[in-house]
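# Descriptive analysis of the structure
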Amino acid sequence: MTYQGSEPHEGAQSDLVVNAATRLFAALGYDGTSLHQIAEASGLDLATLGAVAGSKRDIYLAVLDLAFRRHRAMLEESVREFRETGSVHALLERYLDFCLEYPDNLALWMHRWLADAVDVTDFEQRYVQPVIVVVGDLLRESLARCDSDVDIDIEFSIWTVIWCAHGFVRGGFIGPDGLLHRASDPQTLRRFRRHMHRLWHRQLCLPGEPPAEYLL
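Residues numbered from 1 in each chain as written. Predicted model: local features only at pLDDT ≥ 70, side-chain atom pairs only at ≥ 80, totals over all residues. Heavy atoms only, no water.

## Considering helix 8 (residues 154–171)
Helix length check: helix 8, at 18 residues, gives a terminal C-alpha distance of 26 Å against a target of 26 Å (1.5 Å per residue), a fit within 8%. Taken together, the buried positions of helix 8 are Ile154, Ser157, Ile158, Thr160, Val161, Ile162, Ala165, His166, Phe168 and Val169. The secondary structure elements touched by the buried residues of helix 8 are helix 5 (88–101), helix 6 (103–113), helix 7 (123–146), strand 1 (173–174) and helix 9 (186–203). (Helix = DSSP H or I, 4+ residues; strand = E, 2+ residues; numbered from the N terminus. Expected span 1.5 Å × (residues − 1). Buried < 20%, exposed > 50% of the residue type's maximum accessible area, 1.4 Å probe, protein only. Contact = heavy atoms within 4.5 Å.)

## Observations regarding the pattern of salt bridges
Counted by the stated rule, this structure contains 16 salt bridges. Salt-bridge contacts for aspartate 119 lead to arginine 57; the nearest nitrogen and oxygen are separated by 3.3 Å. Residue aspartate 119 is found in the loop between helix 6 and helix 7, and its partner arginine 57 is found in helix 4 (residues 56–85); the two are separated by 62 residues along the sequence. Two residues, aspartate 104 and arginine 170, come together in a salt bridge whose shortest N-O distance is 4.0 Å. One end of the pair, aspartate 104, is in helix 6; the other, arginine 170, is in helix 8, and 66 residues separate them in sequence. You can call arginine 170 partly exposed: its relative accessible area is 32%. Among the charged side chains, a salt-bridge network with shared partners connects Glu77, Arg80 and Glu84. (Salt bridge = Lys/Arg side-chain N within 4 Å of Asp/Glu carboxyl O.)

## Digging into the packing of aromatic side chains
Under the counting rule described, the total for this entry stands at eleven aromatic pairs. Both rings, one in phenylalanine 98 and one in tyrosine 102, keep their centres 5.2 Å apart while their planes meet at 50°; by these two values the pair is tilted. Classification of phenylalanine 98 as buried rests on a relative accessible area of 6%. Taking relative accessible area as the criterion, tyrosine 102 reaches 22% and is therefore assigned partly exposed. When the centroid spacing of 5.0 Å and the interplanar angle of 75° are considered together, the rings of phenylalanine 123 and tyrosine 127 count as edge-to-face. Here phenylalanine 123 and its partner tyrosine 127 are both found in helix 7, four residues apart, which amounts to about one turn of the helix. A residue is classified by how much of its surface remains accessible, and phenylalanine 123, at 0% relative accessible area, is buried. Aromatic rings pair up to connect Phe68, Trp109, Phe123 and Tyr127 into one cluster. For lysine 56, the ring lying beneath its charged end belongs to tyrosine 30, and the centroid distance is 4.3 Å. (Phe/Tyr/Trp six-rings, centres within 6.5 Å; stacked < 30°, edge-to-face > 60°. Lys NZ or Arg CZ within 6 Å of the ring centre and 35° of its normal.)

Set out below in structure tokens:
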């Protein structure tokens, strides 16, 4: 799926531009990144950059489109797996894996949360909100099987996971030793996964404990 108003960019140079721009937008935000920086990171002059990829806004939309297509592919696989297993924990695990695989995607969204690229106003409504709806429907389907009458705020439950995953993967946490521990540390990552599965289980008021395989 391509963002309306952008043109698909094909070829090695276009891929190079999108990859370089993704890293810059993730690090500096849209507003903090210049066309000159994108050109330099891509190994192109400004004229070639414009011919290959268009304006900075065009490049940004292409970057967001790639990020969304990756997210959508993960979601489609998650839905397929959910239909087979009915496991909301498998749904969570796949999302955490995705966050760890594409940390730059998380940085793009975090910049947007801080009012970056305010001229791109409808991307969340067009692409992010439908994803929240799909996941929400899966959770409601799962909870209906539990025959629970507990009032659960599905949307805030989903966003709690998103906020936690973004914060941890991009920023880590300060441990009792006063040191910064990041997702690159296997022990820290295991602690985070266990915590998220317990949190997810209790947020959704599921019976019993999370499956043991997610608490290892």
